Structures are given as structure tokens and as C-alpha cells.
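Chains, contacts and geometry: an overview
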Amino acid sequence: MKEYKNIDELFKDAASGFEPQPSAKVWAGIEEGVFNTGKSKRMTYVKWTLAAMLLLLIGVSSMWYFNADNNQHIAENEDIIIETTIDNTKTNNEIETNILETEIFEVSIVQESDTEDNVATEIIPESIETKESIINDDYLLIVKSDEESEMLADDALTIEQIDARSIYEIAYLNAEPIDKQITVEEYLKKRRKLHTYTGVGIKAAMVYYPNTEDQFTYTAEANFGIVLNKFYIEAGVGYQQMKERGVYKFNYKSNDSIGFYNKVVSFEIDPLNPDNITYKTTETTVYDSINHYSLQSPLFKYSYLNVPLKVGYKVWGNNKLTMGLETGIIFSKLISSEIPEPSFTSSNEQTLVSIEDNTPTRVDMNMQMMVAMRFNYKFTKAVSLSLQPEFTKYLNSIYNTDIGDPNIKPYTMGLRFGIYYDF
Amino acid sequence: MVSNNRIIEECKAGKQSAFGELYKLYASPMLGVCFRYSKNRNDAEDILQEGFIKVFQKINTYNGTGVFEGWLRRIMVNTAINHYKANLKYAYQEEITDRNNGVDFINKSKDKIFVEEPVSKNQIMAIVQKLPDGYRMIFNMYVLDGMTHKEIADDLSISVNTSKSQLSKSRRMLRKLITEKYGAIMHNII
């Protein structure tokens, strides 16, 4: 059994020799703080800038890689000529395929005079068998007999021939097959055409306030977008709810004990030793009226109307899944605030003097810069779901600095789920 | 202490490895100090980090008079005080409203405490961490770091009387917390 003189001794004993081991991150932080003096705040921005640049670099590299891959295949295969002998063919059709852009083929059909060996010559990538295994039998190249040749001369192709060209697209460019009979002109037009989409989404994110406790924020949004090849622009309207810990300061007075003294109640003198006096005492507590304050931090709720404007680029994709990078600005307007009443619970001995609301005041308009990755999964030809890790940074102070509130530009990190419909 | 002086001199000369040596030597005991001024380990490590950055930036102001560890400890305590003040505006309501219900425990601070089974320093310090911020600051400053009520009042911008009353309340609360947790093995607490 160990004996302590009083409660102070118990804690003094525990404190002496109490030496917990710090984690490695402490020294890392000290090194940064000491050997990069004055840069720590800037480092945060540098770190984020580097992260954004890295993201951009990954995007551009991926774009370059996938495009280079396609170009390489096309370049390799451009001049390969396969000769196919077809029994019932009386004319030779030479179909020349030139590449305008990475995705678009210009097809022209030249009708030649009779030849002896009834050979149809096409310029197509590699061997058709390879493509068959990649795609399926629906996309075989079929060279038509005399009747269709006349049609070919009019620059119109049958569905089979169009689909044959889709082989290149599907194998190399992940385009969708054409499922109806159209002319080459129509086909090329369709390939170049803009298409639009609409969608709805919800976002959950964490707001990192530099001055107070971090809080979740939720956004519901409706969007409309236009796609041109791999680029898209998107606008929308949304409702966002943000929370923040407010600060109420209660000033009150109460009678508190400020110490004690020993009051002598009686004393006894030892008759045998008159110098020895025994005092009987009681401890009396001394009270005084003292000013106090206490803080209360209830949750304040703010609602915003958001208008996001974004541009994006499809970095990679196949028939089902695509990945894009996007950036943009979100404009938001404060539409309502839900401010809880301060509640001071006092006892009889406490007198409330004043209540101060020390919560900074929000400004009406905000601008956020956003950067996100978008993963889209296509369920049907028209409907797709998206998952979007998103980072935003406020470009202005969310508080009113004109009235002396701090200049705070928080950032958020979150996930957005969306469902889209392609027209 | 000779090697301590050597490390301090090398730190003053800006030798990077000396900073590392000094940190290894004092990080643990100083974390002990920061720990009892904080709510949790994360806060304690933040204070330790900030404190050591100050130490390294101001080591040239240490003139060698007085024990170096004392100087170091005072910087950690000051950092903890600044930390407390900075967070004051955004702190949660923590003022203890329970009154003493007519019973005064102040005199009990002079009573002996008997501990039957050993309780680790870590466990005891965890009880200090449970005190509300204000109480914890004053209890630490007065009892564990030997400051006077006048010094505490100046550092925390409060009155001497407030410091005294807060100390008295912190002791009372510590007794309550110990009883709740270790009442079975510690006796004569209340």
C-alpha cells in the first residue's frame, strides 16, 4: 500500500518521470518548421498546387498515352492492304480510308473498271480475323455485289459496310457501333455532332475550417451538360447546407469559495504543562462574488443556392466505364441561416450579466474553385451513374472581414454521386 | 551536463544534427508536460511540436543561467497556455455548474490518500486530462509546475481569486473522478 500526504502529492508523484514517447510526425513537423522557417503556411498552398498539378499531369499523360496508342495502331495499319477474292464480284471497289483526326475516318469510294481476277481491295487495319475476335460476327466486312456497287457509287453504304468501319472504331477508339443504315455522310455527321445530357447528384463533403471544428456539408444538385468529343461543359443549380460551431459567451457572477481559515472554537491548557495549549478549530470556507464566463458552441446552419460551372475532359474510357477530369467555379448565395438560441443554465447562486454572440458573420456571396475526377459507369446507352471525388477551395472569405471577422477560406473534400441521362 | 552544454552550443551554432540530439534527449519528458496540459495525445503532440520549434528558434536567448530543462519546460508551459488561449474562443461549454451542495471538500486536500494497488502514471495523468480546460490549466500550473496564483492570474488574464477558486474546484473534481474510477483501490479520497 502506498500512502500520499494529499491529493496534490498523488498527482505530483504521477507527473514526475511521466515520459511518454512522441510519434514520428512531431519531429517531421519540427524539421519543417525550423529548417523551412516561415514557409509552413505557404507550404500548404504549395502542397495543394503540387497536388493539382500532379492531377493535371496524370490527366494529360493519360490522354497522351491513350491517343498515342490509337495513333500508333492506326499508323501501323494504315498501309496494309489485304486482297480478298470474291466469286460473284465483277467490279473492284477500292475503299480508301484516310484519317482526319484520331477518331474520324473519311471514306471515299472509287469504282474501277473491270479486272480479270475479280479482286476487291480494301485498305483496312491488320487482318480482319483479329477484329472479328475482338468484336463479333455482326461487324464483318462484306463487300457487295453489282447491285450495291451502284449504290456505293452514290456515296451511300449499307449497314454492313458501315459496321465494318466500326471495327476500327471499336477496336481502337472505343466508339459505339452504328445500329441502323445510314450514309457515310450521315455517319460522319453523327460522329461530329454535339450531344447533351442532364443529371442529378448529391454530394457529401467535409469542410475544413482553419479556425473551428470541421463539419460535414451536403449538396443536392441538378445539372445540364454539353459533350463535344472528349470535352464537356456543365452548368447546374444546387442547394447546399453548411454547418459551423457558433460561440456564445455567457458572463455571470457567483459566490465562490476563495479559500478557508481555521476558526478557533475552544482551547485547553494542560494543567501540568501550562505552555502546552490545545486549540480546537473548525475550518470555515470563505466565499466571494466572482465574475465568470462560460462558452457554448451550438451548431449554426447555413443554406446556400449554388450555381456550378464546370469544364471536363474524358481522359479514358471504354464502352461501359469512363474517367474524366473536371474543374470549375461554384458560385453560391446565402439564402437562409438557422441560428440556435443561447441557453444558459444557471443555479440560484449564479447571476447572468450578459450574453455575447462571438460567431463570425457569413458573407452573402461565395466563390469556390473545384477540381474533381469523374468515374462514369454506363448502365444503358442513355443512363449512367457517376462517382466523383471532389476538392473545393473558397476563393473569398466566408466571413465578413469588413466588420472585423477573420479572413477564412476553408476547403472541402468529398464525394459526389450522380445519375445522368444522355439525349 | 557537459554533453548537454555541447549540444546546446552546437544548436546555437545552427548545427542541424544537434537539434536532433536535443530533441531525442528531451522530447519524452517534455511530452509528459504537454500531455497533462492537453485534452488528448494529439493536442499534446501539437504543443510539443510548436514548443520545440520555439526552442530551436530562440535557443540563442538561453544564456546558460538556470537549468536548461527548466527553461525548456517553461517554454512548453507557455506554449500550452497560448494554445489554451487561442482555443478559448471556440471551446465548448465546459464550466462546471455543479455546486458543492453545502459540502466543502477543500480541507480534504490535506488528507492522506492510501493506494492499495499500483496505478500507472499514464492512468493518473489521464484523469488530469479529463478536467475542463480552465481547471486543468490552473491545477497544472499551481500544483505540478509550482507557479503562484499571481503568476497564474497574470498568464491567464484572470483574477487571483478566480485562480484560487478554480484550483479548489479542480481538486474537488479530481477527487470525484478518482473515486469514480479507482474508488475500490484508493481510500480516503472523499
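Residues numbered from 1 in each chain as written. Chains lettered and ligands numbered in written order. Predicted model: local features only at pLDDT ≥ 70, side-chain atom pairs only at ≥ 80, totals over all residues. Heavy atoms only, no water.

1. Points about the overall build of chain B
What chain B contains, in helices and strands, is eight helices and two strands. Going from N to C terminus, chain B has its helices and strands arranged as α-α-α-α-β-α-α-α-α-β. Here chain B holds 190 residues, and 52% of them are scored as buried. Sequence-distant contacts, at least 24 apart, represent 68% of the contacts inside chain B between residues at least 6 apart. (Helix = DSSP H or I, 4+ residues; strand = E, 2+ residues; numbered from the N terminus. Buried < 20%, exposed > 50% of the residue type's maximum accessible area, 1.4 Å probe, protein only. Contact = heavy atoms within 4.5 Å.)

2. Some details on the confidence of the model for chain A
Across chain A, pLDDT averages 69, with 64% of residues at or above 70. Taken as a whole, residues 68-185 of chain A scores under 50 in pLDDT and shows 188 contacts with residues more than four places along the chain or in a different chain. (pLDDT = per-residue confidence, 0-100.)

3. Considerations on the packing of aromatic side chains
Counted by the stated rule, this structure contains 19 aromatic pairs over all chains. Plain terms: the ring middles of A:Phe11 and B:Phe139 are 5.4 Å apart, the flat faces sit at 85° to each other, and that makes the pair edge-to-face. With A:Phe11 in helix α1 (residues 7-15) and B:Phe139 in helix α6 (residues 133-144), this residue pair bridges two chains. Comparing A:Phe11 with B:Phe139 shows no difference in burial state: the two are buried. With 6.0 Å between their ring centres and 35° between their planes, A:Phe391 and A:Tyr411 make a pair best called tilted. Of this pair, A:Phe391 sits in strand β15 (residues 383-394) while A:Tyr411 is found in strand β16 (residues 411-422), placing the two residues 20 residues apart along the sequence. Among the aromatic residues, ring-to-ring pairing joins A:Trp27, B:Phe19, B:Tyr23, B:Phe52 and B:Phe56 into one connected group. (Phe/Tyr/Trp six-rings, centres within 6.5 Å; stacked < 30°, edge-to-face > 60°.)

4. Let's talk about the interface of chain A and chain B
In this complex, chain A contributes 61 residues to the contact, which on the side of chain B involves 62 residues. Between chain A and chain B the total buried area reaches about 5500 Å² when both faces are included, carbon and sulfur atoms providing 60% of it. Among the residues of chain A in contact with chain B, A:Ile7, A:Phe11 and A:Phe18 are the three that bury the most area, contributing 13% of the side total. Joining chain A to chain B, the criterion identifies two salt bridges. A:Lys25 is the salt-bridge partner of B:Glu45, the closest N and O atoms lying 4.0 Å from each other. At the surface where chain A touches chain B, the tally comes to eight residue pairs in polar contact (both at pLDDT 80 or more). Elements supplying a minimum of two residues to the side of chain A that touches chain B: β1 (2-4), α1, α2 (24-35), β9 (248-269) and β10 (277-296) of chain A. In terms of residue count, β10(A) provides more of the side of chain A that touches chain B than any other element does, eleven residues in total. Residues belonging to the side of chain A that touches chain B are distributed by class as follows: 23 nonpolar, 24 polar and 14 charged. (Buried area = accessible area lost by both parts, 1.4 Å probe. Salt bridge = Lys/Arg side-chain N within 4 Å of Asp/Glu carboxyl O. Polar contact = N/O pair within 3.5 Å; in protein donor to acceptor, adjacent residues only side chain to side chain. Nonpolar A, V, L, I, M, F, W, Y, C, P; charged D, E, K, R; others polar.)

5. Description of α2(A)
The end-to-end C-alpha distance of α2(A) is 17 Å, a good match for the 16 Å that twelve residues give at a rise of 1.5 Å each. All buried positions along α2(A) are accounted for by A:Val26, A:Gly29, A:Ile30, A:Gly33 and A:Val34. Looking down the long axis of α2(A), one finds its buried residues gathered within 120° of arc, a one-sided arrangement. Looking at the buried residues of α2(A), the elements they touch are α2 (16-37) and α3 (41-58) of chain B. (Expected span 1.5 Å × (residues − 1). Arc of directions from axis to C-beta.)

6. Details of the pattern of salt bridges
All names here are of chain A. As enumerated under the stated definition, the model contains 24 salt bridges over all chains in all. Residues Lys 203 and Glu 390 are paired through a salt bridge, measuring 2.9 Å at the closest nitrogen-oxygen approach. With Lys 203 in strand β6 (residues 195-208) and Glu 390 in strand β15, the pair connects residues that are 187 residues apart, well separated along the chain. The class of Lys 203 is buried, set by a relative accessible area of 11%. Put simply, Lys 280 and Glu 268 hold a salt bridge, and the shortest N to O gap is 3.9 Å. On the criterion of sequence distance, the pair formed by Lys 280 in strand β10 and Glu 268 in strand β9 is long-range, its members being twelve residues apart. Given the relative accessible area of 48%, Lys 280 is considered partly exposed. By relative accessible area, which is 48% here, Glu 268 ends up partly exposed. Members of the salt-bridge network, linked through shared partners, are Glu 221, Glu 234, Lys 310, Glu 326, Arg 374 and Arg 416.

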